[in-house]
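# A structural walkthrough
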Amino acid sequence: MATEDVLEHYHRRRDFSRTAEPRGERGSPSGDAPRFVVQIHDARTMHFDFRLEADGVLKSWAVPKGPSTDPHDKRLATPTEDHPLEYRTFEGVIPHGEYGAGTVIVWDEGTYRNLTTDRDGRPVPFTEALARGHASFRLDGHKLHGGYSLTRIRTGADGGDREAWLLVKHADARAAAGGTPDPYRARSARSGHTLRQVAAGARPE
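Notes on the structure in this doc start here. Because the structure is predicted, anything quoted here is derived from the model rather than measured.

## Considerations on the overall build of the protein
Of regular secondary structure, the protein possesses four helices and nine strands. What you see in the protein, going N to C, is helices and strands ordered as α-α-β-β-β-β-β-β-α-β-β-β-α. Relative to its length of 205 residues, the protein is compact, with a C-alpha radius of gyration of 17 Å against a globular reference of 17 Å. Along the longest, intermediate and shortest principal axes, the C-alpha atoms of the protein span 50 × 40 × 35 Å. Residues classed as buried in the protein amount to 44% of the 205 residues present. Contacts spanning at least 24 positions in sequence make up 56% of the contacts within the protein whose residues lie at least 6 apart. Of the accessible surface of the protein, which amounts to about 10,800 Å², a share of 47% is contributed by carbon and sulfur atoms. Across the protein, 30 positive and 30 negative side-chain charges occur, with their mean positions spaced 4 Å apart.

This is how it looks when you write it as structure tokens:
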């Protein structure tokens, strides 16, 4: 697929003369250490944006309650358009009138490792795993660690309800009962600022 086609939906929704979001293009894979980012987005509705690098873009899901460290929590995750790799570091305010208007902070970031295997225990490439509807991976971030899975529970192919996935923590040594922090009190992994501070114009220290 051509580069411009991969991010066409992302580009079409934004006026880059007004928003500071990166325009970006499809990038080169990061090899053995693909990146992930979790951004808190105080838009029309508060949510977490969960993004995994794959195939030169950030595959993205909106997670209303945010990723949890508790394996008992099954977090609804709704796919959104692919984002450019440069979006991984975006933190700021999307202006009123623009798509997704509101404040964004980078709550967590790091690398991940694909853990997906088939029934015979053979590794499944990550993009193929997502296409099949189930991917397992290990996060190594500032705040999130250990195994997680994304599983598609609704395809949305019939023109009715939107496609839906579940994001669930594995019951491993990094599981904890803490769940997810209050997004209004959470601090950026990059700047140390809260949503309120970024909205007020705070700059990284």
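## Description of the packing of aromatic side chains
Considering all chains together, one arrives at nine aromatic pairs under this definition. Between Trp61 and Trp165 the ring centres are 5.8 Å apart and the planes differ by 75°, which places this aromatic pair in the edge-to-face class. Within this pair, whereas Trp61 is found in strand E3 (residues 57-63), its partner Trp165 is found in strand E9 (residues 164-169), the two being separated by 104 residues in sequence. Here Trp61 matches Trp165 in class, with each residue buried. Here a set of aromatic residues connected by ring pairs shows up, and it is made of Tyr10, Phe16, Tyr87 and Phe90. The aromatic ring of Tyr148 is capped on one face by Lys169, whose charged end is 5.1 Å from the ring centroid.

## A short note on the layout of surface pockets
Taken as a whole, the largest pocket spans an internal volume of roughly 640 Å³. Lining the largest pocket are 27 residues, with Thr45, His47, Ala62, Thr80 and Tyr99 positioned closest to its centre. With five residues, the single largest contributor to the lining of the largest pocket is strand E4 (residues 74-83).

## Observations regarding the pairing of E9
Of the pairings in the sheet, the one linking E4 to E9 comprises four bridges and is antiparallel in character. Looking across to E9, one finds that Lys74 is bridged to Val168. Relative to E9, strand E8 (residues 145-154) is paired through six bridges, and the arrangement is antiparallel. Bridge pairing in E9 places Thr151 opposite Leu166.

## As for the pattern of salt bridges
Enumeration over the complete set of coordinates arrives at 15 salt bridges. In this structure, the salt-bridge partner of Arg75 is Asp73, at a minimum N-O distance of 3.8 Å. Its relative accessible area of 12% is what places Arg75 among the buried residues. Here Lys169 and Asp172 are joined by a salt bridge, their closest N and O atoms 2.6 Å apart. By relative accessible area, which is 27% here, Asp172 ends up partly exposed. One connected set of salt bridges, linked through shared partners, spans Arg13, Arg14, Glu21 and Glu81.

## So, the environment of Tyr184
Positionally, Tyr184 belongs in the loop between E9 and helix H4 (195-199). Tyr184 sits 138 residues away from Met46 along the chain, and the two C-alpha atoms are 9.3 Å apart. For Tyr184, the contacting residues outside a window of four places in its chain are Asp42, Met46 and Thr194.

Quick notes on the rules
- Residues numbered from 1 in each chain as written.
- Predicted model: local features only at pLDDT ≥ 70, side-chain atom pairs only at ≥ 80, totals over all residues.
- Heavy atoms only, no water.
- Helix = DSSP H or I, 4+ residues; strand = E, 2+ residues; numbered from the N terminus.
- Rg over C-alpha atoms; globule rule 2.2 N^0.38 Å.
- Buried < 20%, exposed > 50% of the residue type's maximum accessible area, 1.4 Å probe, protein only.
- Contact = heavy atoms within 4.5 Å.
- Areas by Shrake-Rupley, 256 points an atom, 1.4 Å probe, with all protein chains shown as cover.
- Lys, Arg positive; Asp, Glu negative; His and termini not counted.
- Charge placed at Lys NZ, Arg CZ, Asp CG, Glu CD.
- Phe/Tyr/Trp six-rings, centres within 6.5 Å; stacked < 30°, edge-to-face > 60°.
- Lys NZ or Arg CZ within 6 Å of the ring centre and 35° of its normal.
- 1 Å grid on protein atoms, 1.4 Å probe; cavity = no way out; pocket = protein on both sides within 12 Å on 5 of 7 lines; lining within 4 Å.
- Points joined across faces, edges and corners; volume = space filled by probe spheres on them.
- Pairing = 2+ DSSP bridges.
- Salt bridge = Lys/Arg side-chain N within 4 Å of Asp/Glu carboxyl O.

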